[in-house]
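Observations on chain architecture
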Amino acid sequence: MMHIAYFITDHGFGHASRSAAIMAALARQVGDIRFELFTTSPQWIFSDSLGGDFGYHEIRNDVGMVQRSPIEVDLDATVQALNRLMPFDPGTVSSLVEQVQKSGCRLIVCDISALGIVVAQGAGLPSVLIENFTWDFIYASCLEQASGLEMFADYLKHIYAQADLHIQCEPICRPAAGASVVSPVSRSPRTPAARIRRALNIADNRKMVLVSMGGIPDQFHFLTHTSKDLPAHLVVPSANGLRSNHPHITLLPTHSRFYHPDLLAAADLLIGKAGYSTIAEAYQAGVPFGYIPRCESAESPALERFITTHLPSRSISADVYNQGQWLAMLPELLTLEKVPQPNENGADTVARILMEMYHEADQRSRTMETCPCGSGQAYCNCCEPLIQGQRPALTAEALMRSRYTAHVKSAVDYIVETTHPDQREDLKRESIQSWAKNALWLGLEIIDAQAGGPEDETGVVEFTARYRQKGKKVEHREIAEFKKHEERWYFVDGRMPKVEQALRKGPKVGRNDPCPCGSGKKFKKCCQ
């Protein structure tokens, strides 16, 4: 199974949507993959888009820009928030490094998250920066209005430059030398447009207009200016807490039963803020766009150029939008026709690039990784062939080492399969899985080995396994018994040495808890 960590900027929903699109494309291409997500973007964005195997870790990556409204920023508040967050806290970085390593990730992908790049360096993993702009570029453009941003622009610029791979997604604000360039990345629709329109109770002969502000809740002041004879049906997501009795207006919460790309693909016209994910999804659907430029943003010129080049479009100023004057423009806007969809979604291109880089990193890691069992050999030449079933353990000690490594790698099947058949009935697979995943394994020491050679039928290995669980360090010492069955070594049972009280350190194990020896049995039925 592939394991990838994904750090996503917390600003708005666009970066989370782009990341979800790439992860969904990876899942389609790879199948057996798990993502560890580090962000404060809502978990439902990923659940709606992925529906697959991912871990969600709520951690703030950055500040972005503090917003007063979907189109207005607060620079003073942005500087204050940056001062509280950066430079990144070493303790936080260290904790994230530990989480990433423990999860078995081989690659860290960062959607303009500088934090992810720092964590990748600490974990010794390759990092991929994905962006259409970076925060140093945005902050540098605002120095005349807020000089306090300069130190953060310099700090982030230095970190971004250390990414191992740089991918830029069109529309690009500042081309970077050496970066791979891909077409717009967007989530793809899943439901036919006709079914979406029926679910919204929109008549077949009525046009549908989607009003989207990038997922940021708004007051939608234009609603007070709507007339009874609207020439289309307006669908307005993120209208949290607002109500309308108009027969041709549907207000939806930020998270509704409608998948946003489905709404956009069903629409005849899009009205909204010119943000990345909105543009990318409009481009994917070929929907005409009445866009609201963010004139104060350094991102705006590049986005506007892309819109006017690739989509049927009209510019709508923020004042015209807020005062509802654009409603009078609807008859003309609705004459704009959809354009053919592009041949490829940039998400698929990025997925192929990441897959290739992952396999290279995985192969390099396996070649260079020292085996967790403490033998000093490379993992690929030591315990991995045993765990993968490529060859059996030749000695009881080799089996003991591989079973410890299987706990580190959460290879539960191997732990079960190398337990003697007569002892498997009492194994609790769930307990083994939970213990293996929730412990941070610190090392194995072989104290003594008696018999257990290639020509022997039985063997005994005394060892100490060190791990950390729930913040407490544990040293588990055990005498493990092994026996051959059909020419293969198997673990039979384990017992504590008589000096266990003096040698064992860590929290007391309850009689009904899983035995620390890893047998999968309850403590009272094993080593107690």
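Thresholds, definitions, all that
- Residues numbered from 1 in each chain as written.
- Predicted model: local features only at pLDDT ≥ 70, side-chain atom pairs only at ≥ 80, totals over all residues.
- Heavy atoms only, no water.
- Helix = DSSP H or I, 4+ residues; strand = E, 2+ residues; numbered from the N terminus.
- Contact = heavy atoms within 4.5 Å.
- Areas by Shrake-Rupley, 256 points an atom, 1.4 Å probe, with all protein chains shown as cover.
- Lys, Arg positive; Asp, Glu negative; His and termini not counted.
- Charge placed at Lys NZ, Arg CZ, Asp CG, Glu CD.
- Phe/Tyr/Trp six-rings, centres within 6.5 Å; stacked < 30°, edge-to-face > 60°.
- Buried < 20%, exposed > 50% of the residue type's maximum accessible area, 1.4 Å probe, protein only.
- Lys NZ or Arg CZ within 6 Å of the ring centre and 35° of its normal.
- Pairing = 2+ DSSP bridges.
- Axes fitted to C-alpha atoms, helices over the stretch in contact; angles between N-to-C directions.
- Parallel < 35°, antiparallel > 145°, perpendicular 65-115°, else oblique.
- Left-handed = near helix turned anticlockwise from the far one by under 90°.
- Salt bridge = Lys/Arg side-chain N within 4 Å of Asp/Glu carboxyl O.
- Disulfide = S-S within 2.5 Å.
- Domains from an automatic or database assignment.
- Buried area = accessible area lost by both parts, 1.4 Å probe.
- Polar contact = N/O pair within 3.5 Å; in protein donor to acceptor, adjacent residues only side chain to side chain.

Of regular secondary structure, the chain possesses 19 helices and 17 strands. Along the first, second and third principal axes, the C-alpha set of the chain runs to 90 × 50 × 40 Å. Considering only contacts within the chain whose residues lie at least 6 apart along the sequence, 60% involve residues at least 24 apart. For the chain, the exposed surface amounts to about 23,600 Å²; the carbon and sulfur share of it is 46%. When the 55 positive and 60 negative side-chain charges of the chain are each reduced to one mean point, those points stand 6 Å apart.

Considering all chains together, one arrives at 16 aromatic pairs under this definition. The interplanar angle of 75° and the centroid separation of 5.1 Å between the aromatic rings of Phe133 and Trp135 together place this pair among those described as edge-to-face. Where Tyr404 meets Trp441, the ring centres are 5.7 Å apart and the plane angle is 85°; that geometry is what we call edge-to-face. Residue Tyr404 is found in helix α16 (residues 396–408), and its partner Trp441 is found in strand β14 (residues 440–451); the two are separated by 37 residues along the sequence. In this structure Trp441 comes out as buried when scored by relative accessible area, which is 14%. Following the ring pairs from residue to residue traces out a cluster consisting of Phe220, Phe222, Tyr321 and Trp326. Its end group placed over the ring of Tyr259, Arg190 keeps NZ or CZ at 3.6 Å from the ring centre. In this structure, Lys409 is placed above the aromatic ring of Tyr379, and the distance from its NZ or CZ to the ring centre is 4.5 Å.

Relative to the helices and strands, Arg401 resides in helix α16. Residue contacts for Arg401: discarding those within four places in its chain leaves Cys373, Gly374, Ser375, Cys383, Leu444 and Ile446.

Spatially, β10-β9-β8-β11-β12-β13 is the arrangement adopted by the six strands of the open sheet, whose pairing is parallel. Only two strands of the sheet have a single neighbouring strand rather than two, namely β10 (249–251) and β13 (313–315). Taken over all neighbouring pairs, the strand axes of this sheet differ in orientation by 15° on average, direction set aside. Sitting on the sheet, helix α10 (residues 276–285) is in contact with β8 (207–212), β11 (269–273) and β12 (289–292), with an inclination near 165° to β11.

A separate point is the packing of helix α4 (residues 90–102) against helix α5 (residues 114–123). Viewed as axis vectors pointing N to C, α4 and α5 meet at an angle of 65°, and their least axial separation amounts to 9 Å. Accordingly, the angle class assigned to the pair α4 and α5 is roughly perpendicular. Our pair here, α4 against α5, has a crossing hand that is right-handed. Residue-level contacts link Val93, Leu96, Val97, Val100 and Gln101 of α4 to Leu115, Val118, Val119, Gly122 and Ala123 of α5.

With the rule as written, the count across this model stands at 14 salt bridges. In this structure, Asp111 engages Arg18 in a salt bridge whose closest nitrogen and oxygen atoms are separated by 2.9 Å. Placement of Asp111 in strand β4 (residues 107–111) and of Arg18 in helix α1 (residues 14–30) is noted, with a sequence separation of 93 residues between them. Each member of the pair, Asp111 as well as Arg18, is classed as buried. Note that Arg352 and Glu344 form a salt bridge whose closest N and O atoms lie 2.8 Å from each other. Accessibility expressed as a relative area gives 34% for Glu344, which makes it partly exposed. Taken together, the shared-partner salt bridges in this structure form one network comprising Glu445, Arg466 and Glu475.

Let us look at the state of the cysteines. The tally for this structure, following the rule as stated, stands at zero disulfides. There is no disulfide at Cys173, and the cysteine sulfur nearest it, in Cys169, is 11 Å away. Note on Cys173: relative accessible area 14%, which makes it buried. Just so you know, Cys380 is unpaired, no disulfide at all, and the nearest cysteine sulfur is the one on Cys371, 9.4 Å from it. The class for Cys380 is partly exposed, based on a relative accessible area of 25%.

Our focus in this paragraph is the domain arrangement of the chain. Looking at the chain, the domain boundaries give domain 1 (2–182), domain 2 (193–344) and domain 3 (369–495). The C-alpha-based centres of domain 1 and domain 2 are spaced at 27 Å. With 19 residues of domain 1 in contact, the opposing surface of domain 2 contributes 22 residues. Buried area between domain 1 and domain 2, both sides added, is near 1,900 Å², and the carbon and sulfur share of it is 70%. Between the two partners, domain 1 and domain 2, sit zero salt bridges. One can count four residue pairs in polar contact (both at pLDDT 80 or more) joining domain 1 with domain 2. Looking at the side of domain 1 that touches domain 2, the elements with two or more residues in it are α1, α2 (43–49) and α6 (135–140).

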